[in-house]
Amino acid sequence: MRILVYGAGVQGCELAHRLLQNKKNVVTMLARGEWKERLDQRGLVIRHWAQCRTTVDRVATIDTLAPDDCYDLVFVTMQAGQLPDVLPILKQNKSEYFVFVGNDPHAVEVMQTMQRPADKVAFGFQSSGGHRDVDKVVSAHVGVDMTVGGATAPLSGVFRYRLKTAFEGAKYKLNFVSDMDAWLKCHIALILPACYLCYACKGDLSKATKEQRELVLDAAWEGCEMLKAAHIPVDDKENTDCYRAGTPGRRKMDAMLLAICKTPLGRLCVSDHAMHAVAEMQYLDEAFEGLRTRTSVRMTAWDTLRSQMQKSHVQPAEQNDMAKFWANASIQMHCLGGASSNEIAKLMLKGTNTGVIQLTQVLHGNPGISDQLKRQGKAFVRHEEAYMERLKAYL
């Protein structure tokens, strides 16, 4: 099978490695910049932390996806907050089957934006963590699997067969569910409190107290109750019953959370990602807060932990202009239907320009900012300005 892994972060690299175990697959990764050069020169190097071994795979790479490029399967491993940038590109591509892998609170909206039959777009979550070094990926897992399904309905037999064929002979398990939108929202109900705890501990989970660990599970229970009130299907056996105080499931979760906090596993699987993917956590946090506005459920433990994002200066007290724009832009893109690339490019250009202006104002209006942070900020501005230049080709 011809397979594209769109994104070369930790998840995408681990996924490509597993797909390459099936020698019948022809796997390509979309990567950019220095990391693409590294992949082309030295191959895909992964240090499997728990297994104490390193693998090297040769994999083809591309840096752009053209509308006429055709693959039997496309796995998209971008962070959910990055999808507004790439959905127009993916939508125009003529490949039929897409799997969006990762924490995504808007699976239904993404499916609608792709403008394909519902049984041609799937959503999945891969059970691996880690981080990317300069020359390799460090992957943490005790066996990799993917929970996968349609946004709100089971995958067709054809799609399931295609996925099973892709992983034939690979050390990889597929767990099929019927409602990934609900599954992902329930998963985020646990992920966010765990990330809030990371911010409270400044990334060092070994400092988490027993009371803080209990707050995480109390908050996850509150999150699930809120989802129910918002009419989101919740599998109590797999979620609520694991977080409710005094249950056998809660005792198991207590032990698991203790292990995560007191061993390097927590750093590799949780805190590394939370501290380096703040924008993604903000995106998930805002999406969850949006759901809360539809309910009146009190979430005392949740709010106690959530305040740590603000105290750590990684979460604005309210949405800034950039976040508000993207919320509106996302809605508009979903409603545009057959919009031209010109209309979509105008929306994306406006949002990027807003961010550049705000960042420039911060850099010039705060004399206390360190020189290193100024250099990083200016480099980011240059990157975004180059991105805007590329968008102008569609105007």
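Being a predicted model, the structure only gives us computed values, none of them experimental.

> I tried to follow the sheet that holds strand β10 (residues 137-140) on my own but got confused; where do I start?
Picture the strands of a sheet paired through backbone hydrogen bonds; they go either parallel or antiparallel. Taken together, four strands build an open sheet; the order of strands is β4-β3-β10-β9 and the sheet is mixed. Taken across any chain shown, the strands that pair with only one partner, and hence form the sheet edges, are β4 (53-57) and β9 (129-132). Within this sheet the neighbouring strands show an average axis-to-axis angle of 20 degrees, counted without direction.

> Explain the environment of Tyr243 here, please?
Along the chain, Tyr243 falls in helix α8 (residues 240-243). Sequence separation of Tyr243 and Ala220 is 23 residues, and the distance between their C-alpha atoms is 6.5 Å. The contacts of Tyr243, once residues within four sequence positions are left out, are Leu190, Leu217, Ala220, Trp221, Cys224, Arg250 and Met253.

> Sorry, what's going on with helix α4 (residues 107-114) here?
Quick reminder: α-helices carry 3.6 residues per turn. Residues three or four places apart thus point the same way. All buried positions along α4 are accounted for by Ala107, Val110, Met111, Thr113 and Met114. All buried residues of α4 lie within an arc of 165 degrees about the axis, which places them on one face of the element. The positive-phi residue at the C-terminal boundary of α4 is Gln115, with phi of around 55 degrees.

> Which parts of the structure should I look at to understand the sheet that holds strand β5 (residues 60-62)?
The mixed open sheet is built from eight strands, whose spatial order is β5-β2-β1-β6-β7-β8-β11-β12. The open sheet has two edge strands with one neighbour each: β5 and β12 (173-176). When the angles between neighbouring strand axes are averaged without regard to direction, this sheet yields 25 degrees. Sheet topology places strand β1 (residues 2-6) next to strand β2 (residues 26-30); five bridges connect them, and they run parallel. Paired with Arg2 across the bridge in β2 is Val26. With respect to the sheet, helix α1 (residues 10-19) is in contact with β1, β2, β6 (73-76), β7 (98-101), β8 (121-126) and β11 (145-149), its orientation differing from that of β2 by roughly 170 degrees.

> Would you mind showing me how to read unusual backbone geometry here?
The general pattern is negative phi for most residues beyond glycine and trans for most peptide bonds. The backbone phi angle of Gln115 is positive, close to 55 degrees, even though this residue is not glycine. Tracing the sequence through the fold places Gln115 in the loop between α4 and β8. Looking at Gln115, the relative accessible area reads 42%, which means it is partly exposed. In this structure, His231 is a non-glycine residue whose phi angle is positive, near 65 degrees. Mapped onto the secondary structure, His231 falls in the loop between α7 (210-229) and α8. The exposure class of His231 is exposed, given its relative accessible area of 71%.

How each quantity is defined
All residue numbers here refer to positions counted from 1 along the written sequence of the relevant chain. In keeping with the model being predicted, local features are shown solely for residues with a pLDDT of at least 70 and side-chain atom pairs are shown and tallied solely at 80 or more, while totals for entire chains, interfaces and linings include all residues. By convention in this description, side-chain values take in all heavy atoms of the structure and omit both hydrogens and water. Two strands are said to pair when DSSP picks up at least two bridges between them. Helix and strand assignments come from DSSP, with helices taken as H or I runs of at least 4 residues and strands as E runs of at least 2, each series counted from the N terminus. Note on definitions: angles span 0 to 180 degrees between N-to-C directions of axes, and those axes are lines fitted to C-alpha atoms, for helices only across the stretch in contact. Every residue pair with non-hydrogen atoms within 4.5 Å of one another is taken to be in contact. Partly exposed residues are those whose accessible area sits between 20% and 50% of the maximum for their type, while under 20% is buried and over 50% is exposed, using a 1.4 Å probe and protein chains only. This arc describes the spread of directions from the helix axis toward the C-beta atoms.

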